[in-house]
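Close look at the chain arrangement
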Amino acid sequence: MMPSATRTDARESGVIGLGFATLWRGIREQPRLFALAASGACLYTLTGVASSIVLGEATERIVLPAVRDGHADWPAVAVAAAVIVGVGALRALGMFVRRLAGGTVVFRVQGHYRHRVTRQYLRLPLSWHQRHSTGTLLSNANADVEAAWNPLMPLPFAVGALIMLVTALALLFATDPVLALIGLVVFPTFGWVNLWYGRRVWPLYAGVQRLRGEVSAVAHESFDGALVVKALGREEEETDRFRVHAEELRDAMIRAGRLRGLFDPLMESLPNLGILLVLIVGAVRIRSGAIDVGQLVRVAYLFTLLAFPLRAFGWVFGDLPRAVVGYQRVEAVLTAPSEEPQGTRNLTGPGPAALRLAAVSYAYPDASPDGTAALPGTAAPAGTASPDGASQDDAAGPSARSERPVLSEVSVEVAPGSIVAITGRTGAGKSTLAGMLARLVDPTDGAVLLDGVDLRDLAPGEVSRAVALVPQQAFLFDDTVRANITLGLDVSTEAVWAALRSAQADRFVAALPAGLDTHVGERGTSLSGGQRQRVCLARALVRAPRLLVLDDATASVDPRVEGAILAGLRENAGASTVVVVAQRRSTIALADEVVHLDAGRVIGCGRHVDLLASSPRYAALLTAYEQAARAAGTDAMPDPDLATEAVS
Amino acid sequence: MTGPIPSARSGSELIPSESAPDSLARPAAAPSPGAARIPATRPPGLADPASPADPASPAGTADLAGTAEPSDLAGSADPLSAAAPPASLVATVRRLRALSPELTRGLLGTVTLALVATVGKVVVPVAVQQILDRGLTDDGVRLGLVGVAVGAAAVVIVVTAVATYRMNLRLYRVSEGTLAALRVRAFRHIHDLSMLSQSAQRRGSLTSRVTSDVDQMSQFLQFGGVMLLVSTGQMLLSGVLMFAYSWPLALLVLAFYVPLLIVTRLAQRRLAARYAQLRERVGELLGAVAESVVGAPVVRAYGIQDRTAGRIDGSIDRYRGAQIDAQRVIAGVFSLSELVAALASASVVVAGVALGVDGSLSTGRLIAFLFLLTLFVMPIQSMTEVLNDAANAFAGLRRVLAVLDLPRDVRDPGLGADSATVAAEGAPLGGDATSPTGSGRDLPVGPLGARFVRVGFAYPQGPPVLRDIDLEIAPGARVAIVGETGSGKTTLVKLLTRLMDPSTGTVCVGGVPLPEVRFASLRARVLLVPQDGFLFDLTIADNVRYGRPGASDDAVRTAFAALGLADWLDRLPAGLATRVGESGSRLSAGERQLVALARAQLADPELLVLDEATSAVDPETEVRLAAALAELTRGRTSVTIAHRLSTAETAQEVVVVDDGRIVQRGPHRDLVAVPGVYQRLHRSWAAGVGTAADETRPEGPGAPTDVRRAAAPPESRMKP
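**Quick look at the overall build of chain A**
When you go through chain A residue by residue, the secondary structure sums to 25 helices and 10 strands. The 648 residues of chain A split such that 59% are buried. For chain A, contacts bridging at least 24 residues in sequence account for 81% of all contacts bridging at least 6.

Following this line, the structure appears as structure tokens:
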């Protein structure tokens, strides 16, 4: 999803600077805890140095004389033992503090950024959401935040390792400059190998991740299409397709393994070779009387202890490229402009609202360079032309279509308390219009006025107080039926039941295991499509909105139940102004007025009966299913018109 | 990219990279060290949101997929995980060897390399001991001896490094090779299971068998497994050497470490519980975020941003709390082992001096012993984590193997013995299912009829879905099957196309009982066009060609033309080369159906079985579909599940299914005239005509309600 430029950027040398800038942002969030973690790490590494001194001293002053003389200085032995335990205890404390404080820093910083990113999701306009897939947004809030701050985990250790390195070198020089030179060669080499590995292995594992994604994509697609695969007997071809990807992944893993397989023995043998060098040079130095055996043991032991912390540099640097990319994504979310101006005006009157659309136009924002902003939906209506190609405005072809504005100068006036139906073919712009009434999107031109006030001039919260939209897709939260209806609004149980009754949902809700307090599951999966739509409808009705907008909101409901719902609305007419997007004839017939949209323009407006008589295209739209049946060769088709009229 | 959502990245944060001592250290720059540590539910490809790491990866699929899975996998609900027998490690390895003989080929060489690699680890303490005891005596420094000792040790170290490198390469190659073979084998096996087509949820968990479960194992091997092996060797060898240098000191060390091992074991259990909680929390977090994202229109329309933020905040904080909880266990265990190491060292010094005074222990041995102690301690320290990873990785592996144990319930007689059985008996993975030649017959040439003889069907442990079905379909007939949801009509056509086998009775096509028909013949001549006409993320041409591999573009175009869809095709932005997007999301539901029909036309079967689409499409596409269907069925035997009774009206014969039985049959005219199920269905349908929608609606292109998101199939959408 990220432009490939990002990857190249991440490889450039600037990545280290950017990476540390990112980490610095995290440290600033938790400066004290980070300092604590770094102190713990220093304690840990410095006690490591100390333990080598203790061991050397104990060897020289206690062990060697004891073995040589056959008797020990027991009080000194006790002191040595106590010092070893004491140093060990401090070391354990250092480790505990570093791990716990260090972990807490990372988790807190990640939590902090998760809060910020998700708040921003709630703040950003719907148009922004439309440009980003759910997967991307989830990944921004989770994986990217995590990647951005992951190097913070080993960072305190790296700080400790740096301090230790300086101390150890100083100690080495104090012990013996010649032995110190060995350290001067071995430690930097060790550090360099770590950096080298970190940089080399990163692209390899990035490749592995990409291939894993591909393997997964093929498996998902293939299993999702299992029925087609089986029906056409293509199992062998699918397996071959999968095998290609699985083997590519295998080869990538083996390539990464080759590097890792080299790195591990290198990491082990380098310090060991250093120790051997210390032993031979040390022996020479002992012979010349420059050092004693205890000092040699100390240096050798130091080498075994030093190697490990130095690897922390590799961990920090190795993770920086990911951190940079992760943070760039997080930052892109945090800095996205929330183009929605908010006004200060309030709506006054109770009762149904007056609605006016004044020359409203809407076009999707330009596609962004990465191409993901182009909504697939805008290219979708490819099949909407009539079969004989009669409708000329569609003959322009798909390329022209995608540039066409979704709505062009739509002007509609809706009197308070009336019911207006909006109809038209798929892609006519009906849903865009409906969303605009609840200010899910702002018109690119023109204005939506409620009681004469432009929605954009209203104070935050005013629109949702006055307008209730029931979208096409019934969306339920993973919560109880009651909470899904109230959404935090303080309403009585009676009011909830009343809304459910109007939505023809009271009977099935009453039959649920825990009634109103039944959990509906994720996205309401425990309910059927029609049931979900009715709960969503109740959610709108319980608010007694001044403007109720139904965007094809009962499409999944059984026609007869829908009839009852609409009849209820009709009876209640006058309480709310109602705008209903509909394709079903029975729904449309209920409206006081019908607006016929086509390709974003109003091509007909008036009473259903009048339009039916005056507009051939309107009539054609409503009888299209009848045509469909005819095209299939039906000769005994009941008149759908009559049938529908009979029900309503 | 949109990275996948790590359902439980627990690991990576919890385990500070440096945690492991030297030999076990995690990969310096592994994009996701976490992945390996994540127990079972790691979403697949996503394995780790490589996200940041790979901008180019196929966004949508992966993520969505990933998010869909954890819930499927989460545990008890997953029939497959339950099915996995608690096989021992040895048994698991034995099975793997049966699948991939490569696993043990050259094993002797690998073991030799491993032994050399382990021996090299203790060379430094030995060199230290030799030099201290013999080279740096009180009588003076014997440089020659020191030189020899150092030289020999250097040689050993280099040889060890080379041996370790060679061993690593071998292990990585063999393990990755075995895992890839296992993955492919499991993939094929899953396709051969009839259950695959039955429920999206099962599909989700089966998918993770060939993705996350295998990925986890491979991740574990690369970042811990191989090292675990070597470290264990290192621990054993240093232990042995410690005994060799001084058994009393060695016993003393054990006295400290045996209790520590027990504590570590307990801590590991505790950690496993914390990780489990962590996975739950991350699922909760993703669920809450997904709700706010998918439900963005509702959140805005109802002005409930604050309420939603509160829910998300709670889940973020609980997740963080769980992370810190787990971190506390890890920090505790590591510090404890550090402390124990100090206690052991101190005791060794005290006891060592006592032994030295006795003359029974030399200085060199004592110092070497202390060096050995560090080698002995390191693996123990990291055991907590690594064993946890290992347990999870092997659990995943066993789940994959359990998939191979599922019997292929619908067998192609063209194949010999079930290859799963064969595999278990030791046939190599490479040669796939086709190797043993089987029996089986081809369908007779010419138009095909079908016959059901006393057919019944029930899912295992389920109530009967179909009972006593006797049905004759004449060659060339046009039959509509009608019935309410759940009446058994879909099962009926699945039996007819042998996607499943009946529990009782026989289904014959062209006079041949289906179990005797080779799949190559069956699939070429009998075709089911399912409801949603699934499309692959390919071009239109390639999707249609899926019906007949190798067909030319012209043949594809001809198929469209034959169905009267030439003009529709011409209007697409890139014609045949138009890419349809993931699951065909760039086309409308109706258009997807058109492509599926063209695919069927190209496949050119004699017996066509159609499951009519229920989703509403806009009227004009509806007209096209009807016309195309009429063309497609012309001249073929066709059996259609009719959701729209207009289809039944035009059929030669209507078969009415109710509660698993055929209750009525005959032409529409006759049936509609008599009281009964058909009349009732028809009236109800007629009342709703002009609506046609009894299921969910496809969203229109103009819909502001997030068209992109809607594009994904519902079950793959946001299910953290």
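**Things to note about the sheet that holds strand E10 (residues 601–606) of chain A**
Where strands meet in a sheet, backbone hydrogen bonds hold them as pairs that are either parallel or antiparallel. Residue and element names in this part refer to chain A. Judged by pairing direction, the sheet is mixed, and its six strands sit side by side in the order E6-E7-E8-E3-E9-E10 without closing on themselves. In this open sheet, the two edge strands, each paired with only one partner strand, are strand E6 (467–470) and E10. The average angle at which neighbouring strand axes cross in this sheet is 15 degrees, direction not considered. Note: strand E9 (residues 593–598) against E10, five bridges, orientation antiparallel. Considered in E10, the bridge of valine 595 is made with cysteine 605.

**Topic: the domain arrangement of chain A**
For chain A, the assigned domains are domain 1 (16–334) and domain 2 (355–368 + 401–647). For domain 1 of chain A and domain 2 of chain A, the distance between their C-alpha centroids amounts to 57 Å.

**Here we look at the confidence of the model for chain B**
All names here are of chain B. Averaged over all residues, the pLDDT of chain B is 75; the fraction at 70 or higher stands at 77%. Long-range and interchain partners of residues 1–86, a stretch whose pLDDT sits below 50, account for 339 contacts in this model, where long-range means more than four residues apart. Across residues 689–720, confidence stays below pLDDT 50; counting only partners more than four residues off in sequence or on other chains, it has 120 contacts. Our summary of model confidence lists the complex with pTM equal to 0.73 and ipTM equal to 0.80.

**A short note on the pairing of strand E1 (residues 355–362) of chain A**
All names here are of chain A. Direction of pairing for E1 relative to strand E2 (residues 407–414): antiparallel, over a ladder of five bridges. Among the inter-strand pairings, tyrosine 362 is bridged to a residue of E2, identified as leucine 407. Both E1 and strand E4 (residues 445–450) contribute to a ladder of five bridges, which runs antiparallel. Considered in E4, the bridge of alanine 358 is made with alanine 447.

**Some remarks on the nonpolar core**
Taken as a class, soluble globular proteins show a tendency for nonpolar side chains to be buried jointly. All names here are of chain A. The biggest cluster of nonpolar side chains holds 400 residues, and the ones touching the most others in it are Leu279, Leu437 and Val549. The element that contributes the greatest number of residues to this core is helix H11 (residues 293–334), accounting for 24 residues. With sequence-adjacent residues up to four places away left out, valine 549 is seen in contact with Ala434, Leu437, Ala438, Val467, Leu469, Val470 and Val579.

**A word on the packing of helix H6 (residues 134–149) of chain A against helix H11 (residues 247–294) of chain B**
Their axes nearest at 10 Å, the elements H6(A) and H11(B) cross at an angle of 135 degrees. As the angle between them shows, H6(A) and H11(B) are arranged oblique. Between H6(A) and H11(B) lies a crossing whose hand is right-handed. Counted together, Thr134(A), Leu137(A), Leu138(A), Ala141(A) and Asn142(A) of H6(A) and Leu286(B), Val289(B), Ala290(B), Val293(B) and Val294(B) of H11(B) form the full contact between these two elements. Residue composition of the contact of H6(A) with H11(B), grouped by class: eight nonpolar, two polar and no charged.

**Topic: the environment of Gly356(B)**
By secondary structure assignment, the location of Gly356(B) is in helix H13 (residues 305–358). It is 45 Å that separates the C-alpha atoms of Gly356(B) and Ala272(B), two residues lying 84 residues apart in sequence. The residues touching Gly356(B), leaving out its near neighbours within four places in the chain, are Val63(A), Ala66(A), Val67(A), Leu361(B), Thr363(B) and Leu366(B).

**Points about helix H7 (residues 123–135) of chain B**
Extensive coverage of H7(B) is indicated by the burial of 10 of its 13 residues. Taken residue by residue, H7(B) has Val124(B), Pro125(B), Val126(B), Ala127(B), Val128(B), Gln129(B), Gln130(B), Ile131(B), Leu132(B) and Gly135(B) as its buried positions.

**A short note on the sheet that holds strand E4 (residues 464–473) of chain B**
Residue and element names in this part refer to chain B. Across the sheet, which stays open at both edges, the four strands sit in the order E4-E3-E6-E7 with antiparallel pairing between neighbours. A strand with exactly one partner marks an edge of an open sheet, and here the two such strands are E4 and strand E7 (512–513). Judged from the two bridges that link them, strand E6 (residues 504–509) and E7 form a sheet pairing that is antiparallel. Bridging from a neighbouring strand, cysteine 508 pairs with proline 513 of E7.

**Focus: unusual backbone geometry**
Located in the positive-phi region is Arg439(A), a residue other than glycine, with phi close to 60 degrees. As for its position among the elements, Arg439(A) is in the loop between helix H14 (430–437) and E4. The buried category is assigned to Arg439(A), around which 24 C-beta atoms lie within 10 Å. Despite not being glycine, Asp659(B) has its phi angle at roughly 50 degrees, a positive value. Mapped onto the elements, Asp659(B) comes out in the loop between strand E11 (653–658) and strand E12 (661–666). Of the residues examined, Asp659(B) has 15 C-beta atoms within 10 Å and is grouped as partly exposed.

So, how was this worked out
- Residues numbered from 1 in each chain as written.
- Chains lettered and ligands numbered in written order.
- Predicted model: local features only at pLDDT ≥ 70, side-chain atom pairs only at ≥ 80, totals over all residues.
- Helix = DSSP H or I, 4+ residues; strand = E, 2+ residues; numbered from the N terminus.
- Buried ≥ 20, exposed ≤ 12 C-beta atoms within 10 Å, placed from the backbone.
- Contact = placed C-beta atoms within 7 Å.
- Pairing = 2+ DSSP bridges.
- Axes fitted to C-alpha atoms, helices over the stretch in contact; angles between N-to-C directions.
- Domains from an automatic or database assignment.
- pLDDT = per-residue confidence, 0-100.
- Core = buried A, V, L, I, M, F, W, Y, C linked by C-beta atoms within 7 Å.
- Parallel < 35°, antiparallel > 145°, perpendicular 65-115°, else oblique.
- Left-handed = near helix turned anticlockwise from the far one by under 90°.
- Nonpolar A, V, L, I, M, F, W, Y, C, P; charged D, E, K, R; others polar.

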